[in-house]
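Examining the three-dimensional arrangement
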Amino acid sequence: FKKRGCMKREKDTFSYLLRSVSHKVQCMQDKCLVHFGLTNQQARLIGEIYELSKKKKPFGRKELEKALGLKGPSVTSLLHGLLNKKLIETIQSEVDARRKVLHVTEAGESLIKQMNVVFEATENQLLECFEETEKEKFKQYLQLAYENMSIK
């Protein structure tokens, strides 16, 4: 995109495009999630709790911190919000009576199904003009980028 030796315009830079797409996706999801009284972080957290509990393996706040890339106090605050909205509950562990287990309530499961429609709509809009081969390649690039960002 260089013309007559000029530098790239701001809107042509990788950094600008990445920030802009990320921002637009976040705004689109937040706009839809406000209808449910949730933030994007709360939606991610309840989704993670749901997925982890389906695996029937014990998990706690530490696993949630790692999965979401958040610190303890942030996860605790988000958990309290979901508990107050009665979207999750704590139940006593069948294995260890001293341990509490997080569980998504019926209302939470219903909400997850509705939120999945929102996330699917976001994905469809993002990939609207992509050919199937481009979608697959884009997915591979996103996976690689995700792995790069996960390296510490």
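These notes cover the structure that comes with them. (Residues numbered from 1 in each chain as written. Predicted model: local features only at pLDDT ≥ 70, side-chain atom pairs only at ≥ 80, totals over all residues. Heavy atoms only, no water.)

Looking at the overall build of the protein chain
The following threshold applies: Starting at the N terminus, helices and strands are each numbered in turn, a helix being any DSSP run of H or I of at least four residues and a strand any DSSP run of E of at least two. C-alpha atoms define the radius of gyration, and 2.2 Å times the number of residues to the power 0.38 defines the globule rule. Burial classes: relative accessible area under 20% of the type maximum marks a residue as buried, over 50% as exposed, and values in between as partly exposed (1.4 Å probe, protein chains only).
Helix and strand counts for the protein chain come out as six helices and two strands. The order of α-helices and β-strands along the protein chain, N terminus first, is α-α-α-α-β-β-α-α. Rg of the C-alpha trace for the protein chain: 19 Å, well past the compact-globule value of 15 Å for 152 residues, more than 25% over. Structurally, the protein chain occupies a C-alpha span of about 70 × 35 × 30 Å along its principal axes. Among the 152 residues that make up the protein chain, the fraction classed as buried is 25%.

A few points about the side chain of Glu65
As a reminder of what qualifies: Contact definition: two residues touch when any of their heavy atoms are within 4.5 Å.
Relative to the assigned elements, Glu65 resides in helix α3 (residues 61-68). Classification of Glu65 as buried rests on a relative accessible area of 12%. Leave out the neighbours within four places in its chain, and Glu65 touches Leu70, Lys71, Gly72 and Val75.

Brief notes about the side chain of Gln29
Looking at the element boundaries, Gln29 is found in helix α1 (residues 14-33). Discounting chain neighbours no more than four positions away, the residues touching Gln29 are Asn40, Phe119 and Thr122.

Concerning the nonpolar core
Applied cut-off: Residues grouped as a nonpolar core are buried Ala, Val, Leu, Ile, Met, Phe, Trp, Tyr and Cys residues, joined through side-chain atoms within 4.5 Å.
Membership of the largest hydrophobic core comes to 24 residues, with the highest contact counts inside it found for Leu45, Ile46, Ile49, Leu64, Leu79, Ile88 and Met115. For this core, the element with the most residues is helix α2 (residues 40-54), which contributes five residues. Setting aside anything within four residues of it in sequence, one finds Met115 in contact with Leu33, Phe36, Leu38, Ala43 and Ile46.

As for unusual backbone geometry
Not every positive phi belongs to a glycine, and Lys86 is a case in point at roughly 60 degrees. Along the polypeptide, Lys86 turns up in the loop between α4 (72-84) and β1 (88-92).

Concerning the packing of α2 against α4
Packed helix pairs are specified by the crossing angle of their axes together with the interaxial distance, meaning the distance between the axes. What counts here: Note on geometry: axes are lines fitted to C-alpha atoms, helical ones only across the stretch in contact, with angles between N-to-C directions running from 0 to 180 degrees. To sort the angles, those under 35 degrees are grouped as roughly parallel, those over 145 as roughly antiparallel, those from 65 to 115 as roughly perpendicular, and the leftovers as oblique. Three classes are used, and their members are as follows: Ala, Val, Leu, Ile, Met, Phe, Trp, Tyr, Cys and Pro are nonpolar, Asp, Glu, Lys and Arg are charged, and the others, Gly among them, are polar.
Remark: α2 packs on α4, axes separated minimally by 10 Å, with the N-to-C direction vectors making an angle of 85 degrees. Our classification of the angle between α2 and α4 gives roughly perpendicular. Residues Gln41, Gln42, Leu45, Ile46 and Ile49 of α2 pack against Val75, Leu78, Leu79, Gly81 and Leu82 of α4. Looking at the contact of α2 with α4 residue by residue, the classes come out as seven nonpolar, three polar and no charged.

Things to note about the packing of aromatic side chains
Geometry of an aromatic ring pair is reported as the spacing of the ring centres plus the angle between the planes. So the rule is basically this: Any two rings among Phe, Tyr and Trp, with Trp reduced to its six-membered ring, count as a pair given centres within 6.5 Å; such a pair is stacked if its planes are under 30 degrees apart, edge-to-face if over 60, and tilted if neither.
Throughout the structure, instances matching the rule amount to one aromatic pair. A centroid spacing of 5.3 Å and a plane angle of 55 degrees characterise the contact between Phe130 and Phe138, whose relative ring orientation is tilted. By relative accessible area, which is 26% here, Phe138 ends up partly exposed.

Focus on the pattern of salt bridges
Close approach of charged atoms allows side chains of opposite charge to pair. Put simply, the rule reads: The salt bridge criterion pairs a side-chain nitrogen of Lys or Arg with a carboxyl oxygen of Asp or Glu, the two atoms within 4 Å.
According to the stated counting rule, one finds three salt bridges in the structure shown. Of the charged contacts, one joins Glu65 and Arg61 as a salt bridge, the two residues approaching to 2.9 Å between their closest N and O atoms. Residue Glu65 and its partner Arg61 are located together in helix α3, separated by four residues, close to a single helical turn.

Topic: α4
Test applied: Between the first and last residue of a helix there are one fewer steps than residues, each counted as 1.5 Å, and that sum is the expected span.
Across its 13 residues, α4 extends 18 Å between first and last C-alpha, which sits within 8% of the 18 Å expected from 1.5 Å per residue. Every buried residue of α4 is listed here: Gly72, Val75, Leu78, Leu79, Gly81 and Leu82. Buried residues in α4 make contact with α2, α3, β1 and β2 (100-104). Just downstream of α4 lies Lys86, where phi reads positive at about 60 degrees.

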